[in-house]
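Notes for the structure review
Here is how the chains run, residue by residue.
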Amino acid sequence: FYRHPELLGTILAVILPIPVAAVMLADEREKPPVTIFSLALVLVLGVAIFWTYKPGIWQAAIAGMGITMILQPRRHFLMLAIAVAFVTAIMFAAYGSPENLISQVKTEEIARGQRQRTQINEQIAIWNQNTLIGAGMKAHEVRTTAALDGNVYFQLLAQTGTLGLTFYLLFSLNFLLGIYRIWREIPRTHYWHKVLCTSGIGSMAAFHVAGLYWATLSDSHTLLLFVFLLSALSYLAQQYDRGLVPDDHSL
């Protein structure tokens, strides 16, 4: 259903923090099936991301999961141990040793890195001609490649210039700080609100880290998922800004 593994991997990396937060925030009030299903979903998504064979997507998933774990101090060791043990078991079962996996990925990553450097250099050359506001659609003259390469931040620099990239980074930072403020206000009794807010911060981290690996804003699948996530978090923040939210199912 997707043209490249980067697309599928990024979408799964953005979704992964949701079941991670559901597992780590669950307590005696939650029914056991919720925790069991969430944990199973974490493992399935983890294996799917692992089999994209894209180290940049692995890093995005690790960043999203790591931020989610930092925001929730409970069950750190248990979640990390389960994830590492499961992926390690899959690795040895499928490849025999980490060296066999690395040898398969290394060749492709070297070629991908060369394509990415070439594309970034071309984008920098375009930006140098229009440093303040960028080149707009002219930036699309950068040649396309067989796989998704590049870097979303250099792409923004070429298309929108220093001003555009600065506004994008400021918007992202301001939104993250706003959601973090709401996260601190949500009581522990509001389980699903806490899950959405906690995982939302982790999902945004995964999306932005994936942007270091390829131009995430250039594809409609990842862009629409990102916008949907921002919309859900914005609605949650708006309701809490209006006053006390009485219970977990009131929105």
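Everything below is about the structure shown above.
Described in the following lines is the structure provided in the data block. Quick caveat, the model's predicted, so the values are computed rather than measured. (Residues numbered from 1 in each chain as written. Predicted model: local features only at pLDDT ≥ 70, side-chain atom pairs only at ≥ 80, totals over all residues. Heavy atoms only, no water.)

**As for helix α5 (residues 76-95)**
With 20 residues, α5 should reach 28 Å at 1.5 Å per residue; the first-to-last C-alpha distance of 28 Å fits that figure. Residues Met 79, Ala 83, Ile 90, Met 91 and Tyr 95 constitute the buried set of α5. The buried side chains of α5 occupy one side of the element, clustering within an arc of 100 degrees when seen end-on. α5 presents Phe 77 and Ala 93 as exposed residues on the side facing more than 90 degrees away from its buried surface. Buried residues along α5 sit in contact with α2 (17-25), α3 (32-50), α4 (55-71) and α6 (98-129). (Helix = DSSP H or I, 4+ residues; strand = E, 2+ residues; numbered from the N terminus. Expected span 1.5 Å × (residues − 1). Buried < 20%, exposed > 50% of the residue type's maximum accessible area, 1.4 Å probe, protein only. Arc of directions from axis to C-beta. Contact = heavy atoms within 4.5 Å.)

**Describing the packing of helix α1 (residues 5-15) against α4**
Where α1 contacts α4, the axes come no closer than 9 Å and their chain directions differ by 10 degrees. One way to sum up the angle between α1 and α4 is to call them roughly parallel. Counting all contacts with α1, which are made through Glu 6, Gly 9, Thr 10 and Ala 13, the residues of α4 involved are Ile 57, Ala 60 and Ala 61. Residue composition of the contact of α1 with α4, grouped by class: four nonpolar, two polar and one charged. (Axes fitted to C-alpha atoms, helices over the stretch in contact; angles between N-to-C directions. Parallel < 35°, antiparallel > 145°, perpendicular 65-115°, else oblique. Nonpolar A, V, L, I, M, F, W, Y, C, P; charged D, E, K, R; others polar.)

**Describing the packing of α1 against helix α9 (residues 220-242)**
For the pair α1 and α9, interaxial distance at closest approach is 9 Å and the crossing angle is 15 degrees. With respect to α9, the element α1 is oriented roughly parallel. Where α1 crosses over α9, the two elements pack in a sense that is left-handed. On α9, the residues touching Leu 7, Thr 10, Ile 11, Val 14 and Ile 15 of α1 are His 221, Thr 222, Leu 225 and Leu 229. The residue makeup of the contact of α1 with α9, split by class, is six nonpolar, three polar and no charged. (Left-handed = near helix turned anticlockwise from the far one by under 90°.)

**A closer look at α3**
Under the 1.5 Å per step criterion, the end-to-end length of α3 is 27 Å for 19 residues, consistent within 8% with the ideal 27 Å. Within α3 the residues assigned to the buried category are Ser 38, Val 42, Leu 43, Leu 45, Val 47, Ile 49 and Phe 50.

**Digging into the nonpolar core**
Ranked by size, the top nonpolar core spans 25 residues in total, and within it Phe 175, Ile 179, Ile 186, Cys 197, Met 204, Leu 233 and Tyr 240 carry the most contacts. Elements supplying a minimum of two residues to this core: α7 (152-185), α8 (191-210) and α9. With 10 residues, α7 is the largest single contributor of residues to this core. Counting residues in hydrophobic clusters, the runner-up holds 22 residues, among them Met 24, Ala 83, Ala 210 and Tyr 213. (Core = buried A, V, L, I, M, F, W, Y, C linked by side-chain atoms within 4.5 Å.)

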